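Listed below are the residues making up each chain.
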Amino acid sequence: MSQTKRAWKLQEFVAHGNNVNCVALSKKSGRVIVTGGEDRKVNLWIVGKPNCLMSLCGHTTPVESVRFGHEEEMVVAGSMSGALKVWDLEQAKIMRTLTGHTSSIKSLDFHPYGDYCTSGSLDCNVKLWDIRKKGCIYTYRGHKNGVNCVRFSPDGKWIASAGEDGIVKIWDITAGKILTDLTYHTGPVNIVEFHPNELLLASGSSDRTVKFWDLENFNMVSTTDGDSTPVRNILFHPEGTCLFSGTKDLLKVYSWEPSKCYDSIPVNWGEVADIAIGHNQLIGTSFSQTNVSTFVVDLKRVQPFGGIPHQEGGSNLSSSRNKFITERPPTQSSRQASVPKEDVEEPTQDKEDQDNDSFEIANPEDYREIFRPKSRLSHSPTRPVEPFQPPPDDGDMEPVRQPAPTRSNRTTKSSNKLPAKPVAKPSPRAPEEDKSGISPEDFLPKGGGNEGYTGLGKMPSEAEAFTTLSSGHEAMAKVLAHRSKNLQIVRAMWTSGNTKTAVDSAISMKDPSVIVDLLNVLNLKSGLWSLDLCSCLLPQVQDLMDSKYDSYVTAACEALKIILRNFGPVIKSNLTAPPSQGVDISREERYRKCRQCYENLSIIRSKVAQRGGTPEKVGQLLREIQILMASMD
């Protein structure tokens, strides 16, 4: 059965000690992963292996964006503070710390010739950096909101930037100015990619479309039909024959002249973070909390590379569009001529460029195999790289996890191997020393007199101990069964297509855990939010902000971020708009909802201010909400 599998989950592993913020695959081989997390570390992994290859330390704030060099010889990472660090993986050392952005880095890319990199930030700016001279060469200003993605053109002469404002901008590096704005998207643009050869650009957006742009006349060539979810990642095939588009749990293959979908492959990767191609396989990766997952799609079983050929439309190979000139300039002076001489910013230093940087190699053998192959003779044999094989059956592959080793679970495993050998039970009066650090007394009832076992009195019988333990279990089982029943009711309404009815039903149950589950779904599908849902759910979010459970507060904070970003301007504009002439029932209803939302947000704002000193992730979320709340003034 595995012979016909087109996509499967390869592995899942714990990548960081705290939440993962970003993941990137190496584009050259697709076999190395770099991750950045809340723990301020940058970790490298080999696809298919559960152990960390190396860990790069030095950032003083969470890492928000990572990117490999084109030859996998470098890694650049951007942090929440706006600082960049560039590591040389072959020499195992930090190359540069670059500062200049005033807010979090959202995207990074290396110049095709390796001497420069570019960054896009929440401060709305795009910067071009000279890695050798340790400074910012030019700052490109023009986006009205954060920059989600930046990419160099294959010839290294242009930078494309995708903005939260829904605009794609093309910048001329040599002239230091904007060439054009591409403005047909109706939502934030999440990703842009240049065609590897032709003067063509693709952009993927939260408006659920991929658009193709001719870079000779800067006109739109075509657009895809709307997907059911936002487009998170796109990638041209290395030969330029098609484009892969990653959305929620789905991979699509497109052509652009004419626009058509070759194939659609379900992949259970959630919100895909990055994709790469190697050995006739597409590798995808995604992350959730502290875990990173990798997925494989067999391109030999995907149209137009395999299976039944698509009979409609033409082939993109016949395009007469001009191509990028991608030969590397022969001299240093010619490379230098491709960047602007003016507006050179002085190199800056900050506390990140001190003695905090470190380079920890956890697996020296794999490190030498991947990052130091140049030390071998050219005719030396190298380890063959084989395609990943699908799991042996059609069921979900058991993810590769790394449980923390303890003496207790090792003892359990060894005892399972010898079931036939009788084991003597220790005396209750003289128990053996428990090396696990857990005492059985912690789980037994404690009371006065002769009731219960206090460690000095009477040991309860087996029946008494079982009754005590089962009573708590039965209570918890009833709670979970009731919660499951409620969720099934909400799900039935949700799948019928009536989101508002499902939300009202969940609210009427007066169960905070159901509300949290519902918010977690809505937070993943931000396009489902509406002003109506905001007015319904903000009172519930207000209550969750007082919860003692961090998971409840986190879900509430994530919902608040979406509400403030997407509906904050709407609420403010409706409340400050002059009164309309005559009777406008729809406007009055909208005003009532906005007023209700504003009142709830005002109460939540005071709660956020009271919890301002909260540490770790919740504290960071609260600080972000305070910043977003300021826009409501």
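Residues numbered from 1 in each chain as written. Predicted model: local features only at pLDDT ≥ 70, side-chain atom pairs only at ≥ 80, totals over all residues. Heavy atoms only, no water.

Looking at the overall build of the chain
Phase 1: The number of helices and strands found in the chain is ten helices and 29 strands.
Phase 2: The burial tally for the chain puts 48% of its 633 residues in the buried class.
Phase 3: Partitioning the intrachain contacts of the chain with sequence separation of at least 6 by distance along the chain shows that 56% fall at a separation of at least 24.
Phase 4: Here the chain displays about 31,900 Å² of accessible surface, and carbon together with sulfur accounts for 52% of that area. (Helix = DSSP H or I, 4+ residues; strand = E, 2+ residues; numbered from the N terminus. Buried < 20%, exposed > 50% of the residue type's maximum accessible area, 1.4 Å probe, protein only. Contact = heavy atoms within 4.5 Å. Areas by Shrake-Rupley, 256 points an atom, 1.4 Å probe, with all protein chains shown as cover.)

Structural notes on the packing of aromatic side chains
Phase 1: Tallying each qualifying case throughout the model produces ten aromatic pairs.
Phase 2: Centroid distance phenylalanine 13 to tryptophan 45: 4.6 Å. Interplanar angle 40°. Geometry classified as tilted. Of this pair, phenylalanine 13 sits in strand 1 (residues 7-14) while tryptophan 45 sits in strand 4 (residues 42-46), and the two are 32 residues apart along the sequence. Tryptophan 45 shares its class with phenylalanine 13; the two are buried.
Phase 3: Ring plane angle 85° and centroid distance 5.4 Å describe the contact between phenylalanine 236 and tryptophan 256, whose orientation is recorded as edge-to-face. (Phe/Tyr/Trp six-rings, centres within 6.5 Å; stacked < 30°, edge-to-face > 60°.)

Focus on the environment of leucine 524
Phase 1: Among the structural elements, leucine 524 can be located in helix 6 (residues 512-524).
Phase 2: Residue leucine 524 is classed as partly exposed on the basis of its relative accessible area, which comes to 48%.
Phase 3: Considering only alpha carbons, one finds leucine 524 and lysine 248, 276 residues apart in sequence, at a separation of 9.4 Å.
Phase 4: Setting aside chain neighbours within four positions, we find leucine 524 in contact with Lys248 and Glu271.

Remarks on the sheet that holds strand 15 (residues 158-163)
Phase 1: Sheet architecture is open: four strands sit in the order 14-15-16-17, paired in antiparallel fashion. Two strands lie at the open edges of the sheet, namely strand 14 (147-152) and strand 17 (177-182), each paired on one side alone. Averaged over all adjacent pairs, the angle separating strand axes in this sheet is 20°, with direction ignored.
Phase 2: Bridge analysis of strand 16 (residues 168-172) against strand 17 gives five bridges, and the strand direction is antiparallel. The residue bridging aspartate 172 from the neighbouring strand is lysine 177, located in strand 17. (Pairing = 2+ DSSP bridges. Axes fitted to C-alpha atoms, helices over the stretch in contact; angles between N-to-C directions.)

Considerations on the UniProt feature "repeat: WD" (unreviewed entry) in the chain
Phase 1: Within this structure's numbering, the places UniProt gives as "repeat: WD" (unreviewed entry) are residues 13-45, 56-97, 98-139, 140-181 and 182-223.
Phase 2: In this annotation, residues 13-45 is assigned 0% helix and 55% strand; the end-to-end C-alpha distance for the span is 10 Å. (UniProt positions renumbered as here; feature names shortened; annotations may be inferred.)

Here's the deal with the packing of helix 7 (residues 531-544) against helix 9 (residues 585-610)
Phase 1: Across the interface, helix 7 lies against helix 9 with an axial gap of 9 Å and an inter-helix angle of 25°. Between helix 7 and helix 9, the angle is such that the two are roughly parallel. Helix-helix and strand crossings are classified by hand; for helix 7 and helix 9 the assignment is left-handed. Along its contact with helix 7, which presents Leu531, Asp532, Cys534, Ser535, Leu538, Pro539, Val541 and Gln542, the element helix 9 presents Arg590, Lys593, Cys594, Gln596, Cys597, Asn600, Leu601, Ile603, Ile604 and Lys607.
Phase 2: Split by residue class, the contact of helix 7 with helix 9 holds ten nonpolar, four polar and four charged. (Parallel < 35°, antiparallel > 145°, perpendicular 65-115°, else oblique. Left-handed = near helix turned anticlockwise from the far one by under 90°. Nonpolar A, V, L, I, M, F, W, Y, C, P; charged D, E, K, R; others polar.)

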